[in-house]
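Understanding the architecture of this molecule
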Amino acid sequence: MIKILAAVFVSLSAGVAVGGGFVAFITVLGIVPRLMQLTKTESRIVLYEMAIVFGVIFGSYLSLMEPRYSIHPYFFLIIGLFYGLFVGNVAAALTEVLNVFPILAKRIHLEKKLMYLIAAVVFGKICGSLFHWLYFVNQ
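What you see is a predicted model; the values in this text were computed from it and never measured.

1. Some words on the overall build of the chain
Looking only at helices and strands, the chain has six helices and zero strands in total. Against the compact-globule benchmark of 14 Å for 139 residues, the chain has a radius of gyration of 19 Å, which places it well outside the compact range. Dimensions of the chain, computed from the C-alpha atoms along their principal axes, are close to 65 × 40 × 30 Å. Taking all 139 residues of the chain together, the buried fraction comes to 7%. Side chains of the chain carry 10 positive and 5 negative charges; the gap between the two charge centres is 7 Å.

See below:
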């Protein structure tokens, strides 16, 4: 019984630490406020908060329970699309907040060709994702 309680305590502590790190990451970098500013949806801050909380809870549930679904495989295309949109938005917000592209363009002397640099990163990500899913996942 003591081992079980210790495991529960350690797991809960680890979850609180990871959750705190996630909140600190989002808060310090200002990703969500910047995303709201860019999309002009500042009035919907409650929806952003609920989406983040429910997304974390649902993601935790999926990673712990390994549920099985009996849904049509094409439905996973929609889920994958939303997942890709989320990851892309977070990556774009993070790079904008940290000014990654302007600094990189200045370092490699491509200030005037910044759009080509961004397009290369986008197409590289698309090709890498397609290669991963078509080669590794469908085997």
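2. A word on the UniProt feature "transmembrane region" (unreviewed entry) in the chain
With numbering matched to this structure, UniProt assigns "transmembrane region" (unreviewed entry) to residues 6-33, 45-62, 74-94 and 114-136. Split by type, residues 6-33 is 96% helix and 0% strand. Its first and last C-alpha atoms lie 38 Å apart. Across residues 114-136, helical content stands at 100% and strand content at 0%; the span's end C-alpha atoms are separated by 32 Å.

3. A closer look at the packing of helix H5 (residues 100-107) against helix H6 (residues 114-137)
Two elements in contact, H5 and H6, have axes separated by 10 Å at closest approach and are oriented at 115°. One finds that H5 runs roughly perpendicular with respect to H6. In this structure, H5 crosses over H6, and the sense of that crossing is right-handed. For the pair H5 and H6, contact is made by Phe101, Pro102, Leu104 and Ala105 and by Leu114, Leu117, Ile118 and Val121, respectively. Along the lines of polarity and charge, the residues of the contact of H5 with H6 split into eight nonpolar, no polar and no charged.

4. Observations regarding helix H1 (residues 2-29)
Taking 1.5 Å of rise per residue, the 28 residues of H1 would be expected to cover 40 Å, and the 40 Å separating its terminal C-alpha atoms lies within 8% of that figure. Once H1 finishes, glycine 30 follows within two positions and takes phi at roughly 65°, a positive value.

5. Concerning the packing of helix H2 (residues 31-39) against helix H3 (residues 45-65)
Their axes nearest at 11 Å, the elements H2 and H3 cross at an angle of 135°. Judged by the inter-axis angle, H2 sits oblique to H3. Relative to H3, the crossing made by H2 is right-handed. Residue-level inspection shows Val32, Leu35, Met36 and Thr39 of H2 in contact with H3, the latter providing Ile45, Tyr48 and Ile52. Tallied by class, residues from the contact of H2 with H3 come to six nonpolar, one polar and no charged.

6. So, unusual backbone geometry
Phi angles above zero are rare outside glycine, and lysine 40 is one such case at about 55°. Summarising the element assignment, lysine 40 is placed in the loop between H2 and H3.

7. Re the environment of phenylalanine 131
Its place among the elements puts phenylalanine 131 in helix H6. Among the residues examined, phenylalanine 131 registers a relative accessible area of 49% and is labelled partly exposed. Each C-alpha atom, one on phenylalanine 131 and one on isoleucine 57, is 30 Å from the other, the two residues being 74 residues apart in sequence.

Parameters and conventions
Residues numbered from 1 in each chain as written. Predicted model: local features only at pLDDT ≥ 70, side-chain atom pairs only at ≥ 80, totals over all residues. Heavy atoms only, no water. Helix = DSSP H or I, 4+ residues; strand = E, 2+ residues; numbered from the N terminus. Rg over C-alpha atoms; globule rule 2.2 N^0.38 Å. Buried < 20%, exposed > 50% of the residue type's maximum accessible area, 1.4 Å probe, protein only. Lys, Arg positive; Asp, Glu negative; His and termini not counted. Charge placed at Lys NZ, Arg CZ, Asp CG, Glu CD. UniProt positions renumbered as here; feature names shortened; annotations may be inferred. Axes fitted to C-alpha atoms, helices over the stretch in contact; angles between N-to-C directions. Parallel < 35°, antiparallel > 145°, perpendicular 65-115°, else oblique. Left-handed = near helix turned anticlockwise from the far one by under 90°. Contact = heavy atoms within 4.5 Å. Nonpolar A, V, L, I, M, F, W, Y, C, P; charged D, E, K, R; others polar. Expected span 1.5 Å × (residues − 1).

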